[in-house]
Amino acid sequence: MKKNAVSLLFCCCLVAVAGARFLPYPQASGAPQGKAETVISAEVFHLGNDEKKDWKSFTRAKPHDGKKISLRFSSEPNKSERAIEIRSGDVNSKCGVTLNSRRLGSLVKGKGGKGENIQYFKVPADLLKKTGNVLLVQYEEKTTDDLYFGPVVLHAHSVARMKRLAEVEVVVTSKEGPGQGLPCRLTVVRLVSKKAKIVEEPAEFKLEKSSKLAFRKGTAYTLDGRLDLALKPGKYRVYATRGFEYGLGMARVDLSPGEKRRIELVLEREVDTTGYLAGDTHIHTLTYSKHGDASVAERVVTIAGEGVEVAIATDHNHHTDYSPFTAKAGSGDHYKSVVGNEFTTSIGHFNAFPADKNAKPANHKHKDWDKLLKAVRATPGVRVVICNHPRREGFKKGPWGTIGLDPVSGEFSDGRQWLGLDAVEVINGKTLEKQVFDNFSDWFALLNAGHRLTAVAGSDSHTVAQPVGHCRTYIRSSTDDPRRINVGEVVDNILAGKVLVSMGLLADAKVNGMFSAGDLATGVGEDLEVDIEVRGPRWARASRVALFLNGRKVREEKIQHPSSAIVKYKERWVFGGPSKDVHLVVIASGPPLDNAYWTPPQDDRYVVGATNPVWIDGDGDGKFSAPGDYARALVAEHGTDGVALAKALRVHDEITVILAAGLFRKNLELVLVDIYSKLQKRSNSELEEFIEILEASRGEAFRKYAKTLDVLDLLKEPPAASRAEKKK
């Protein structure tokens, strides 16, 4: 009897110990536990499937209520944030937590036992009611998973305080609008020591989803310039930026457990872009492009946060409209969005806009250049078609190689004159060329051949962290107010080449005090005066600036400027007035940036800014003629008279000479082919006459002999004489 009693007592102890974790606690829903906390439920709940016995590994209790648990409790209404603590284990499927119909988050996945998870869920201010509060824990996907959770406790303090985290309030305003929150990007990095060196690592933080926020590890965009962070104790830097037109806001903070800190940062608009709108012609979303990570709702926040004023939506093979998401976020005062599409094909990627959002996209499976581009251009509303990242697959495998572009002459192997394009991307944030001039040199060749293509720049951003507007197209505009942007004017000025391209620097040029990018400079006279200015934020540097005439570098200078300079370079260059038309382009470049707050998807190789051409009317006929136009006219005039052509070319530049030489050779080949054809016809005729005067038998014998002869080829070089014959 004694032995049985001891055994029974031992078993009871085991059950008691096990029940501490796995068996239901006595219900104490809403029982007050002092001012600091309220136990919503002391019970441990088990969600699982009776048909699958996995749950027996951690409890003998049968699954509770199958797929969800609903807990009702009373509480004092909360004027400030509070925290709900939930313990859970064996969570392998998505299981959501909702309070009063508001989703708080998901139970973290992981095994139970020693790996039991303790989570704190943020309860926003004014969510709790005096009675009738409902906490719902339920599976959010089809599953036969088993899990347990509980107890559940409501704390009087915030999540940050419960975790002993530091609470940081960040407020960003602009120098131009004191006291007004400014849309911006906040980059938060933790300072850690590695190999005796302090390095910056993206900080871990969690934020509640909002239509006014977009965030990833170490990065957050805010529409109102405000952000509340809960950070682990440690040393941090907080950077505030708003694209390259603005300066840098930075604060260094050392945070202790439970500390509360307020950081106020002021951004100054440093780079003057008066008369131009900051555009990004190449933007993606996960929602419609199906890769990357930025949803449309997040994208509209990042656009405002980077200070982009013209946002062209270019998801893959989809007409994307940001308007509904812009309205929901309330970001419409900061930019104008344009419906567009990146037609993604086997022969290249082409952005087209503005598009009718309700129109059916063109067939992107065309493999013929002309059929594809005609279909794209036929899309209702489309006026601009851009060839994107033309060297992404290398020159030969890219779109230029596909249609046989000669990178020197700008001509195509099939002799085509129609490209179906209005612009070409010379800077792409996602596929930055190793050498700054690679795409520019191809563009120059096309301009020289007579293809009037506007140079543009686009970020090609697919993610939240990759800055939209990292590469920009600055479009001339009659307004600097995003609320008054006219899309028709934007399109007209892109087509006219009244555009500057930028990635960290802005290069501008004015000819004879009045002509800028896209203008036809007439009456230039004996001197060509070019006022050059290179601008950029204090956190960027410029090192070189060069001027190109018809794609040929005619002058380059090194730039040295103080670290605090916004205007990096400002000089007047004077050249002799050209006698023939030339296109003038200025390109400025600088060293790569090494920071955490302006990060492209790959390491920066340089910063760069360039103009579109100023078209110089050197011959004074009131219009612009490209080198290819001159070359075609001269060859048409002089035909196969090489001496006369060479004499006429003496007053033209080297690119015109190269183009004329190529055309002259083609022309000469056509003439020779024609002569050869005529000679062959004549010889055949005379041979027939000769045969007719012979006797029939002899004529027949000669015909047989003639069939054994090779075809007459006047263009074929005669065989080289043997050494013996030469000696003879």
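In this report, the structure presented in the accompanying data block is examined.

Attention shifts here to the overall build of the protein. Within the protein one finds 14 helices and 38 strands. Looking at the protein as a whole, 50% of its 728 residues qualify as buried. Taking all contacts inside the protein whose residues are at least 6 apart in sequence as the whole, residues at least 24 apart take part in 71%. A total of about 35800 Å² of accessible surface is found on the protein, and carbon and sulfur atoms cover 52% of it.

With that out of the way, let us pick up the layout of surface pockets. As a volume, the largest pocket reaches approximately 2000 Å³. As for the largest pocket, its lining consists of 50 residues, of which Lys 122, Phe 205, Lys 206, Leu 207 and Glu 208 are closest to the centre. The residue inventory of the lining of the largest pocket, partitioned by class, reads 23 nonpolar, 5 polar and 22 charged. Forming the walls of the second largest pocket are 19 residues, and the residues nearest its centre are Leu 182, Arg 242, Tyr 246, Arg 269 and His 334.

This part covers the pattern of salt bridges. Applying the stated criterion to the full structure yields 37 salt bridges. For the salt bridge of Glu 309 with Arg 269, the shortest nitrogen-to-oxygen distance reads 3.6 Å. Residue Glu 309 is located in the loop between helix H4 (296-305) and strand E21 (310-313), and its partner Arg 269 is located in the loop between strand E19 (260-267) and strand E20 (276-283); the two are separated by 40 residues in the primary sequence. On the basis of relative accessible area, Glu 309 is assigned to the buried category, the value being 7%. A salt bridge links Glu 529 to Arg 572; the shortest N-O distance between them is 3.5 Å. Note that Glu 529 is positioned in strand E32 (residues 527-535) and Arg 572 in strand E35 (residues 567-576), a separation of 43 residues in sequence.

The next thing to look at is empty space enclosed by the protein. Evaluation of the coordinates by the stated rule reveals 2 cavities of 30 Å³ or more. By volume, the largest cavity amounts to about 80 Å³. Along the walls of the largest cavity sit 14 residues, with Val 426, Glu 433, Val 436, Asn 439 and Tyr 606 positioned nearest its centre. Among the elements of the structure, strand E26 (423-428) and helix H8 (438-449) are those that each provide at least two residues to the lining of the largest cavity. A class-by-class count of the residues in the lining of the largest cavity yields 8 nonpolar, 4 polar and 2 charged. Approximately 30 Å³ is the volume attributed to the second largest cavity. Every residue along the wall of the second largest cavity is listed here: Pro 390, Trp 400, Val 424, Glu 425, Asn 439, Asp 442, Trp 443 and Leu 446. Listed by contribution, the elements that provide at least two residues to the lining of the second largest cavity are E26 and H8. Here the element with the most residues in the lining of the second largest cavity is H8; it accounts for 4 residues. Residues of the lining of the second largest cavity, tallied by class, amount to 5 nonpolar, 1 polar and 2 charged.

Another point: the sheet that holds strand E6 (residues 95-99). Reading across from one edge, E4-E9-E6-E7 is the order of the 4 strands in this open sheet, with antiparallel pairing throughout. Pairing within the sheet leaves two strands with one partner each, and these edge strands are strand E4 (68-73) and strand E7 (102-106). For this sheet the average axis-to-axis angle between neighbouring strands, irrespective of direction, equals 20 degrees. Pairing geometry for E6 and strand E9 (residues 133-139), over 5 bridges, is antiparallel. When the bridges of E9 are listed, Val 97 appears paired with Val 137.

Of all 5 residues in strand E37 (residues 607-611), 5 are buried, a share of seventy percent or more. Burial of E37 is two-sided: the residues Val 607, Gly 609 and Thr 611 facing one way and the residues Val 608 and Ala 610 facing the other way are all buried. The pairing of strand E29 (residues 499-503) with E37 spans 4 bridges and is classified as antiparallel. Across the sheet, the residue bridging to Val 501 is Ala 610, located in E37.

Attention now goes to unusual backbone geometry. Geometrically, the link from Gly 150 to Pro 151 is a cis peptide bond, its omega value of -5 degrees lying close to zero. With respect to the element layout, Pro 151 can be found in strand E10 (residues 147-155). Looking along the chain, the bond that leaves Phe 353 and enters Pro 354 is cis, with omega of -15 degrees. Among the secondary structure elements, Pro 354 is positioned in the loop between strand E24 (348-353) and helix H6 (369-377). Unlike most non-glycine residues, Lys 195 shows phi in positive territory, near 55 degrees.

A word on the nonpolar core. Where a protein is soluble and globular, its nonpolar side chains tend to be buried together. Core analysis: the biggest nonpolar cluster contains 104 residues, and Trp 400, Leu 421, Ile 427, Trp 443 and Leu 584 have the highest contact counts within it. With 6 residues, strand E36 (residues 582-590) is the single largest residue contributor to this core. If sequence neighbours within four positions are ignored, Leu 421 has contacts with Phe 350, Trp 369, Leu 373, Arg 377, Val 385, Ile 386, Cys 387, Trp 400 and Leu 453. Core analysis: the next-biggest nonpolar cluster, separate from the first, contains 27 residues, Val 170, Ala 220, Leu 227 and Ala 240 among them.

So, on to the side chain of Arg 82. Take Arg 82: it is sitting in strand E5 (residues 82-89). We note that Arg 82 is buried and unpaired, the nearest opposite charge coming from Glu 76 at a distance of 7.8 Å. Among the polar contacts listed, one links the side chain of Arg 82 to the backbone oxygen of His 155, at a separation of 3.0 Å. Not counting chain neighbours up to four residues away, the residues in contact with Arg 82 comprise Ser 75, Glu 76, Phe 121, Lys 122, Val 123, Leu 128, Leu 154, His 155, Ala 156, His 157 and Ser 158.

Inspection of the entire model under this criterion finds 12 aromatic pairs. Among the aromatic residues, ring-to-ring pairing joins Phe 437, Phe 440, Trp 443, Phe 444 and Phe 548 into one connected group. Over the ring of Trp 418 we find Lys 374, and its NZ or CZ is 5.8 Å from the ring centre. Over the face of the ring belonging to Trp 615 we find Arg 452, whose NZ or CZ atom lies 3.8 Å from the ring centre.

In space, the 3 strands of this open sheet follow the order E16-E11-E19, with mixed pairing throughout. The strands lining the two open edges of the sheet, one partner per strand, are strand E16 (226-231) and E19. Ignoring which end each strand starts from, the neighbouring axes of this sheet average 20 degrees apart.

Structurally, Ser 459 can be placed in the loop between strand E27 (454-458) and strand E28 (472-476). Note on Ser 459: relative accessible area 0%, which makes it buried. Setting aside its immediate chain neighbours within four residues, Ser 459 contacts Asp 280, His 282, Gly 429, Lys 430, Gln 466, Pro 467, Val 468, Gly 469, His 470 and Cys 471. At 3.4 Å, the side chain of Ser 459 and the backbone oxygen of His 282 are in polar contact.

To continue, consider a nonpolar patch on the surface. A contiguous nonpolar patch, built from Leu 668, Val 671, Leu 672, Ile 675 and Leu 679 and spanning about 350 Å² of accessible area, is present on the exposed surface. Checked against the element boundaries, Leu 668 lands in helix H12 (residues 654-693). Since its relative accessible area comes to 33%, Leu 668 is described here as partly exposed.

Moving on, we come to helix H10 (residues 627-638). For H10, which comprises 12 residues, the first-to-last C-alpha distance of 17 Å matches the rise-based estimate of 16 Å (1.5 Å per residue) to within 8%. Where H10 is concerned, the buried positions are Pro 627, Gly 628, Tyr 630, Ala 631, Leu 634, Val 635 and His 638. Across the axial projection of H10, the buried residues extend over an arc of 155 degrees, all falling on one side. Opposite its buried face, H10 presents the exposed residues Ala 636 and Glu 637, each directed more than 90 degrees away. Of the residues flanking the end of H10, it is Gly 639, one or two places downstream, whose phi is positive at about 55 degrees.

Cut-offs and rules
Residues numbered from 1 in each chain as written. Predicted model: local features only at pLDDT ≥ 70, side-chain atom pairs only at ≥ 80, totals over all residues. Heavy atoms only, no water. Helix = DSSP H or I, 4+ residues; strand = E, 2+ residues; numbered from the N terminus. Buried < 20%, exposed > 50% of the residue type's maximum accessible area, 1.4 Å probe, protein only. Contact = heavy atoms within 4.5 Å. Areas by Shrake-Rupley, 256 points an atom, 1.4 Å probe, with all protein chains shown as cover. 1 Å grid on protein atoms, 1.4 Å probe; cavity = no way out; pocket = protein on both sides within 12 Å on 5 of 7 lines; lining within 4 Å. Points joined across faces, edges and corners; volume = space filled by probe spheres on them. Nonpolar A, V, L, I, M, F, W, Y, C, P; charged D, E, K, R; others polar. Salt bridge = Lys/Arg side-chain N within 4 Å of Asp/Glu carboxyl O. Pairing = 2+ DSSP bridges. Axes fitted to C-alpha atoms, helices over the stretch in contact; angles between N-to-C directions. Core = buried A, V, L, I, M, F, W, Y, C linked by side-chain atoms within 4.5 Å. Lys, Arg positive; Asp, Glu negative; His and termini not counted. Polar contact = N/O pair within 3.5 Å; in protein donor to acceptor, adjacent residues only side chain to side chain. Phe/Tyr/Trp six-rings, centres within 6.5 Å; stacked < 30°, edge-to-face > 60°. Lys NZ or Arg CZ within 6 Å of the ring centre and 35° of its normal. Patch = residues over 30% accessible without salt bridge, like charges linked within 9 Å, V, L, I, M, F, W, Y side chains within 5 Å. Expected span 1.5 Å × (residues − 1). Arc of directions from axis to C-beta.

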